[in-house]
Amino acid sequence: MRSLPPRGVLGRCALTAVFALAAGLATLSPLARPAAAADGLQQVTDFGPNPGNLAMYEYAPAGLPADAPLVVAMHGCTQSASDYHSHSGWRKFADQWGFAVVYPQTSAANNSLSCFNWFDPAEDTRGRGEAASVVQMVEHAAARYGTDRDRVFVTGLSAGGGMTSNLLAAYPDVFAGGAVDSGLPAQCATSLAAASGCQYSDQRLTPEQWGDKVRGSYPGYTGPWPRVAIWQGTADRTVAPVNGTELRDQWTDVWGIGQTASGTRTLPGGTTETTYDDSTGRSAVALFSVSGMGHGLAVSPGSGADQCGSTGTYYLDHICSSYHTGKFWGLDAAPDDEGATLPAPAGLTVTGTTETGAALSWSAVSGAASYAVHRDGTRVGSPTGTSFTDTGLSAGTAYRYTVAAIDASGAEGARSGAVTVTTTGAAPKCYTATNYHHVTAGRAHHIGGHTYANGSGQDMGLYNVAVTHTLKETSPGYFVLADGGC
């Protein structure tokens, strides 16, 4: 990777009251403690060129092996690295799955409310400002821990989510995946004046126009592109739900896979996951729509395997987003060359589906005594042959499968790429009504005079009785526009 030249730090004017990203995040101190902080978080003061004037904090579990992944986690306005580390749940999975976490931190010297400047081309573009500082932190941490450069990921909340989008667009050669939590599409705004429009309004761009903003961030780059998870609350009044749809449009266009969902499933906390697969059947983009959630990061305090984090200002008790994001990235699975005695099976294919079952097949692996079939990360079968039929499933529901070979000693090898299976049945329901009545019936919500479908966040136009639409319920609580027919 080329070196990043230092740049003079830009002064930041105070944000106006209308800029709700600043007003809508935690009231904790924006400056983390110097040196060591709580829960094993450590400050790094000498990570290299720092054109964006950021602070670097990091967490790594004891005994972290070489070639482990690295996650960059970016806080929201007026928050700190320590705050994000304490509430987000990333520490739990760093310990459990074995990866390091870097927490960039901005300050009032950059922005009066300690927001990452996701709307400023001097700060959020390749080789410049805060974006360049974050990538320098990745360089430093990767060298220190011997990170697997193919497994570097970035996630962020709100303004941190906006900067995450820009980092994914500007540095697709650095980040294998990202997660945008209550955030904005890449390069949605290029000035402070334009930022509020991105937050509150449908920008009315086509998927191709959104995709061009990513392609223009690193001209000439041809891939591979990062895998992107999008988290959006349907009741967010700070970053309108339409941003989730725009992010979906942007990254599916970049991947060239269209906006027709490959699968939809219901998760805890009123969450609907909609996936969009690449040509191999692996999910490239996932939209997690959290029904009734306002602006913040979804957490789920508790000791369960899929629970994490703690509640606080803008840490909202719905679902552990860090768990599902980590699984989407594959952080719970060992890489092909780490502890795997056998290679990953090739050619995992769906050979049939019913309302309650799914049939799979794959190519044989030399030396395999049996195979481990995983559904949504949990082993559900150990066939000795190269096919398996899973049963007892729910109708009209999406499931994600991987398979691994097992040698004679019982050691499980590398997992295959995932395929998504949607069972048959559970025909969608359609409702035709005015926007007003969709809202009162709980199928949609309104923000700033416009109506948005619950789940998909699609803009339905003005909130009144003069506008009529048909909504299709593709899974419980998840609605899409279906004016062309159900």
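Relevant structure appears above.
On a predicted model such as this, the values are computed, not experimentally measured, just so you know.

What counts, and where the lines are drawn
Residues numbered from 1 in each chain as written. Predicted model: local features only at pLDDT ≥ 70, side-chain atom pairs only at ≥ 80, totals over all residues. Heavy atoms only, no water. Salt bridge = Lys/Arg side-chain N within 4 Å of Asp/Glu carboxyl O. Helix = DSSP H or I, 4+ residues; strand = E, 2+ residues; numbered from the N terminus. Buried < 20%, exposed > 50% of the residue type's maximum accessible area, 1.4 Å probe, protein only. Contact = heavy atoms within 4.5 Å. Polar contact = N/O pair within 3.5 Å; in protein donor to acceptor, adjacent residues only side chain to side chain. Phe/Tyr/Trp six-rings, centres within 6.5 Å; stacked < 30°, edge-to-face > 60°. Lys NZ or Arg CZ within 6 Å of the ring centre and 35° of its normal. 1 Å grid on protein atoms, 1.4 Å probe; cavity = no way out; pocket = protein on both sides within 12 Å on 5 of 7 lines; lining within 4 Å. Points joined across faces, edges and corners; volume = space filled by probe spheres on them. Nonpolar A, V, L, I, M, F, W, Y, C, P; charged D, E, K, R; others polar. Domains from an automatic or database assignment. Disulfide = S-S within 2.5 Å.

Student: Even after reading the chapter, I still don't get the pattern of salt bridges, so can you show me in this structure?
Tutor: Opposite charge on two side chains permits them to pair, given that their charged atoms come into close proximity. Throughout the structure, instances matching the rule amount to 15 salt bridges. Asp-459 is paired through a salt bridge with Arg-204; the nearest N and O atoms lie 3.9 Å apart. Residue Asp-459 is found in strand 24 (residues 459-462), and its partner Arg-204 is found in the loop between helix 7 (192-200) and helix 8 (207-215); the two are separated by 255 residues along the sequence. Exposure remark for Asp-459: the relative accessible area of 16% places this residue in the buried category. We note a salt bridge from Arg-215 to Asp-212, for which the minimum N-O separation is 2.9 Å. Of this pair, Arg-215 and Asp-212 both sit in helix 8, separated by 3 residues, roughly a single helical turn. The partly exposed category is assigned to Asp-212, whose relative accessible area is 41%. Within this structure, Asp-212, Arg-215 and Asp-253 form a network of salt bridges that share partners.

Student: So what exactly am I meant to see when it comes to the environment of Tyr-399 here?
Tutor: Residue position: Tyr-399 is located in strand 18 (residues 398-406). With 24 residues separating them in the primary sequence, Tyr-399 and Arg-375 have C-alpha atoms 6.6 Å apart. Among residues more than four places away in sequence, those in contact with Tyr-399 are Arg-375, Asp-376, Leu-393, Ser-394, Val-419, Thr-420, Val-421 and Thr-423. From its side chain, Tyr-399 meets the backbone nitrogen of Ser-394 in a polar contact 2.9 Å long.

Student: Can you walk me through the packing of aromatic side chains in this structure?
Tutor: Note on aromatic pairs: each is described by the distance of the centres and the angle between the planes. In total, this model carries 14 aromatic pairs according to the counting rule given. Each ring, one from Trp-362 and one from Tyr-371, has its centre 5.6 Å from the other, and the planes form 65°; the classification is edge-to-face. Taken individually, Trp-362 and Tyr-371 each receive the classification buried, so the pair is uniform in this respect. Grouped by ring-pair contacts, the aromatic residues Trp-90, Phe-99, Phe-153 and Trp-329 constitute a single cluster. The ring of Tyr-218 has Arg-126 sitting right over it, with the charged end atom 3.9 Å from the ring centre. When the ring centre of Phe-328 is taken as reference, the NZ or CZ atom of Arg-227 above it lies at 4.4 Å.

Student: How should I be thinking about the layout of surface pockets in this particular structure?
Tutor: Taking a probe equal in size to a water molecule and rolling it over the atoms shows the remaining empty space. Looking at the largest pocket, its volume works out to about 1100 Å³. Around the largest pocket sit 46 residues that line it, and Arg-227, Arg-282, Phe-328, Trp-329 and Gly-330 are the ones nearest its centre. Elements that contribute at least two residues to the lining of the largest pocket include exactly strand 8 (263-267), helix 10 (321-329), strand 15 (370-375) and strand 18. Take the lining of the largest pocket: its biggest share by element is 5 residues, from helix 10. In the lining of the largest pocket, the residues fall into 22 nonpolar, 8 polar and 16 charged. Counting the residues that make up the lining of the largest pocket, at least three belong to each of domain 1 (42-329) and domain 2 (349-423). Computed from the structure, the second largest pocket encloses a volume of approximately 450 Å³. Around the second largest pocket sit 24 residues that line it, and Ala-261, Thr-264, Thr-274, Thr-474 and Val-480 are the ones nearest its centre. At the level of secondary structure, the elements contributing two or more residues to the lining of the second largest pocket comprise helix 9 (242-255), strand 8, strand 9 (271-277), strand 25 (468-475) and strand 26 (478-481). No other element matches the 3 residues that strand 26 contributes to the lining of the second largest pocket.

Student: Can you help me understand the state of the cysteines in this one?
Tutor: Note: disulfide means a covalent bond formed between the sulfur atoms of two cysteine side chains. Inspection of every chain in the model, using the stated rule, returns 3 disulfides. A disulfide bridge connects Cys-77 with Cys-115, and the sulfur atoms are separated by 2.1 Å. Handedness of the Cys-77-Cys-115 disulfide follows from its S-S torsion of about 120°: it is right-handed. Of the two residues, Cys-77 sits in the loop between strand 3 (70-74) and helix 2 (81-87) while Cys-115 sits in the loop between strand 4 (100-105) and helix 4 (121-124), which places them 38 residues apart along the sequence. Since its relative accessible area comes to 0%, Cys-77 is described here as buried. You can call Cys-115 buried: its relative accessible area is 0%.

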